[in-house]
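Results of the structural survey
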Amino acid sequence: QKQWYQRRVRGDTFVAGFTDVVLRCLGLVMTGVFGSDAEPGLIQSSPLSALFIRNHQSFPLPIPDRPRFVEALVTATRSSGTFQQIFSALLFDHMGRAKNSNILDKTVADVFHALECLTSVKIANSRPIACLVPTLDVWCPDLIKTGRQLEHYSFLGPFLGVSAYLEENTRIEKDKDLDVEKLKQEVPPTLRSLRDVMFKIIYNLLLPKDNRDNVLKYFATVLNLNAKKSGIQAREELLAGDGFMLNFLSVMLDLSTKVVVEKVDTNYFQSLNCRLDFSEETRINATTEEAAEFSETLKNVKQPNFSTECFLMAIYSVHLSLLPTLRKQITRVQRIKDLTNMIKETTRNGRPAPNTRAELSLKLGEAKLEQWKRAEKIAQIVTFESELLQKFAEFYGKVCQWVLGVLDPGQRWSCGVVDPECEELAPNKLFSTLPEFILDDIADTLIQSSRFRINILANVNLRYITGLIQTCVCHPATILKRGTSGPRCGYA
């Protein structure tokens, strides 16, 4: 028995040693050492990529074996010094696959799951691949100057950019025979699945503390480069697509789910430590100069915690994603209505004579109307995805709770409602210098949910929403611009 045990130990040692040699050789193959034409280090595509794609033509690596294989390969290549070269190529290849994927593909989720598997690998107390991602040259290149460039050329851009909007998906736009009812059945579950995996990927990237600053910088870059998206005449060619922004919003809402509102700093938006640029934003009850002066008084405040940055970036994400998308949907509906009326007016006395300019214009108008109706129906499927709206509604209950805390630091309300009989609330600097869009967005949310008949406030605790409305009505001085004598039209 002792001899058998010794042989077993020697056998296990041999297998372990042989496995290590195989992994080291595999690492050399990945770096191009054995390539006849390519020089080492110049690999353009990773041969490992096919192992992680579930439905690839070659035999994929079974899903249960992927983490163990990656852990072994990481361990072997870290000791040989080829880790960064091998996995940088693999990550770059996944980015390329995501860029070429389409939400209509049955295999669209494979590259998402592959990246989630890689970023979740943990060896001892480190996450080597998750730590590698923010160091990539394509993570957020310095040359990126617009939101559209960020969507196309940053590492996470192609993953967040998967969209079903007709204007952003050429396959849906070109395939006129694609049944909208079929899309209504297939697109929402696919979107939910991809957003869930995208959240897991970004959550994995945030787990190493050394990564958090780089990831938060990326979040801030997304928001700052798309700040004009809330404008009336936004230049869409310079901004990220609506699909990208809604996917980004979904991730931010998921990150804010477990945030304790009482632990969120009340002075982040005014602090010099704020990563977001609000220099051109109108304030609730202060001028830009007053807001700048107040910010100077906050120089010595402590650095914001992670929960604060995630929660307040999520507020700004709503302002730049969901609400502009809802307003765009209103424009689509109005445009269809106007064109329909124009066609009816043209054909009131019969159709124009054949082969005339009037008939040609009418046909073009009818074709355009069908295209706009199709685009509006598809946009409705994507914009009103139920899970995103539910997360948004729950989040906005927390937003109202936070705004109430800023408005009345003494917390004199009971169950989220300020007593109307209490003394008048005096405007405080923290509340007065908040960006105006915070209150505007709360009002817009209530208006748009009524307009589109979407019950986004169902099953949500409304006490803080009603409390904020009652507080602003009972204490109008908190939101009145100096020199005005009545409620501001935006909140009336």
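The rules we used
- Residues numbered from 1 in each chain as written.
- Predicted model: local features only at pLDDT ≥ 70, side-chain atom pairs only at ≥ 80, totals over all residues.
- Heavy atoms only, no water.
- Salt bridge = Lys/Arg side-chain N within 4 Å of Asp/Glu carboxyl O.
- Buried < 20%, exposed > 50% of the residue type's maximum accessible area, 1.4 Å probe, protein only.
- Phe/Tyr/Trp six-rings, centres within 6.5 Å; stacked < 30°, edge-to-face > 60°.
- Lys NZ or Arg CZ within 6 Å of the ring centre and 35° of its normal.
- Core = buried A, V, L, I, M, F, W, Y, C linked by side-chain atoms within 4.5 Å.
- Helix = DSSP H or I, 4+ residues; strand = E, 2+ residues; numbered from the N terminus.
- Contact = heavy atoms within 4.5 Å.
- Axes fitted to C-alpha atoms, helices over the stretch in contact; angles between N-to-C directions.
- Left-handed = near helix turned anticlockwise from the far one by under 90°.
- Nonpolar A, V, L, I, M, F, W, Y, C, P; charged D, E, K, R; others polar.
- Arc of directions from axis to C-beta.
- Polar contact = N/O pair within 3.5 Å; in protein donor to acceptor, adjacent residues only side chain to side chain.
- Parallel < 35°, antiparallel > 145°, perpendicular 65-115°, else oblique.
- pLDDT = per-residue confidence, 0-100.

Some words on the pattern of salt bridges
Following the criterion strictly, the structure yields 20 salt bridges and no others. The closest approach of N and O atoms between Arg235 and Glu237, which form a salt bridge, is 3.1 Å. The residue Glu296 makes a salt bridge to Lys299 at a minimum N-O spacing of 3.2 Å. The exposure class assigned to Glu296 is partly exposed, which follows from its relative accessible area of 42%. Note on Lys299: relative accessible area 52%, which makes it exposed. Here the salt bridges share partners, and the residues they tie into one network are Asp213, Lys217, Arg275 and Glu309.

Regarding the packing of aromatic side chains
For the structure on display, the rule yields 15 aromatic pairs. A centroid spacing of 6.3 Å and a plane angle of 55° characterise the contact between Tyr268 and Phe269, whose relative ring orientation is tilted. Both residues of the pair, Tyr268 and Phe269, belong to the buried class. Ring geometry for Phe395 and Tyr396: centres 6.0 Å apart, planes at 70°, overall edge-to-face. Residues Phe395 and Tyr396 agree in their burial class; the two are buried. These aromatic residues form a ring-pair network of at least three members: Tyr268, Phe269, Phe278, Tyr316, Trp402 and Phe437. Taking NZ or CZ as reference, Arg212 lies 5.1 Å from the ring centre of Phe306, over its face. Arg335 extends its terminal NZ or CZ atom over the ring of Trp372, reaching a point 4.2 Å from the ring centre.

Notes on the nonpolar core
By size, the foremost hydrophobic cluster in this structure holds 121 residues, and its most contacted members are Phe87, Phe155, Phe219 and Trp402. Broken down by element, this core gets its largest block of residues, 12 residues, from helix α17 (residues 386–407). Excluding its chain neighbours within four sequence positions, the residues that come into contact with Phe155 are Leu91, Met95, Leu115, Val133, Leu136, Val138 and Trp139. With 5 residues, the next largest nonpolar core counts Ile336, Ile343, Leu362 and Leu369 among its residues.

Observations regarding the environment of Ile442
As for its placement among the helices and strands, Ile442 is situated in helix α19 (residues 437–451). Sequence separation of Ile442 and Ile469 is 27 residues, and the distance between their C-alpha atoms is 9.6 Å. Setting aside anything within four residues of it in sequence, one finds Ile442 in contact with Tyr396, Cys400 and Leu468.

Points about the packing of helix α14 (residues 306–320) against α17
Viewed as axis vectors pointing N to C, α14 and α17 meet at an angle of 115°, and their least axial separation amounts to 11 Å. Between α14 and α17 the crossing geometry is left-handed. Of α17, the residues touching α14 (which contributes Phe311, Leu312, Ala314, Ile315 and Val318) are Phe392, Phe395, Tyr396, Lys398, Val399 and Trp402. Class assignment for the residues of the contact of α14 with α17 results in 10 nonpolar, no polar and 1 charged.

Examining helix α13 (residues 288–296)
Those residues of α13 lying buried are Ala291, Phe294 and Ser295. Seen along its axis, α13 keeps its buried residues to an arc of 105°; they face one direction. In α13, the exposed positions angled more than 90 degrees off the buried face are occupied by Glu289 and Glu293. Next to the buried residues of α13 lie α18 (429–432).

What about the side chain of Asn102?
With respect to the secondary-structure elements, Asn102 resides in the loop between α4 (83–100) and α5 (110–119). Only 3.0 Å separates the side chain of Asn102 from the side chain of Asn169, close enough to count as a polar contact. Among all residues touching Asn102, those that are not within four sequence positions of it are Val108, Asn169 and Arg171.

Observations regarding unusual backbone geometry
Within the chain, Ala124 stands out as a residue other than glycine whose phi angle is a positive 60°. With respect to the element layout, Ala124 can be found in the loop between α5 and α6 (128–132). Exposure remark for Ala124: the relative accessible area of 68% places this residue in the exposed category. One non-glycine residue, Asn355, lies in the positive phi region at around 60°. Here Asn355 lies in the loop between α15 (322–346) and α16 (357–383). Residue classification places Asn355 among the exposed positions, given a relative accessible area of 78%.

Thoughts on the packing of helix α12 (residues 242–255) against α17
At a minimum axis separation of 10 Å, α12 and α17 run at an interaxial angle of 50°. One way to sum up the angle between α12 and α17 is to call them oblique. For α12 against α17, the interelement crossing comes out left-handed. Packed against α12, whose contacting residues are Leu246, Leu249, Ser250, Leu253 and Asp254, the element α17 presents Leu388, Lys391, Phe392 and Phe395 at the interface. Partitioning the contact of α12 with α17 into residue classes produces 6 nonpolar, 1 polar and 2 charged.

Points about the environment of Thr346
Relative to the helices and strands, Thr346 resides in helix α15. Take Thr346: its relative accessible area is 39%, and that puts it in the partly exposed class. A polar atom in the side chain of Thr346 sits 2.8 Å from the backbone oxygen of Met342.

Points about the confidence of the model for the protein chain
Here the protein chain averages 81 in pLDDT, while 79% of its residues score no lower than 70. When mean pLDDT is compared element by element in the protein chain, helix α8 (residues 157–160) scores highest at 96, while helix α1 (residues 2–30) scores lowest at 46. In this model, residues 2–18 is a region of pLDDT below 50 whose contacts with residues beyond four sequence positions or in other chains number 0 contacts. In the model, residues 482–492 has pLDDT below 50 throughout and makes 15 contacts with residues more than four positions away in sequence or in other chains.

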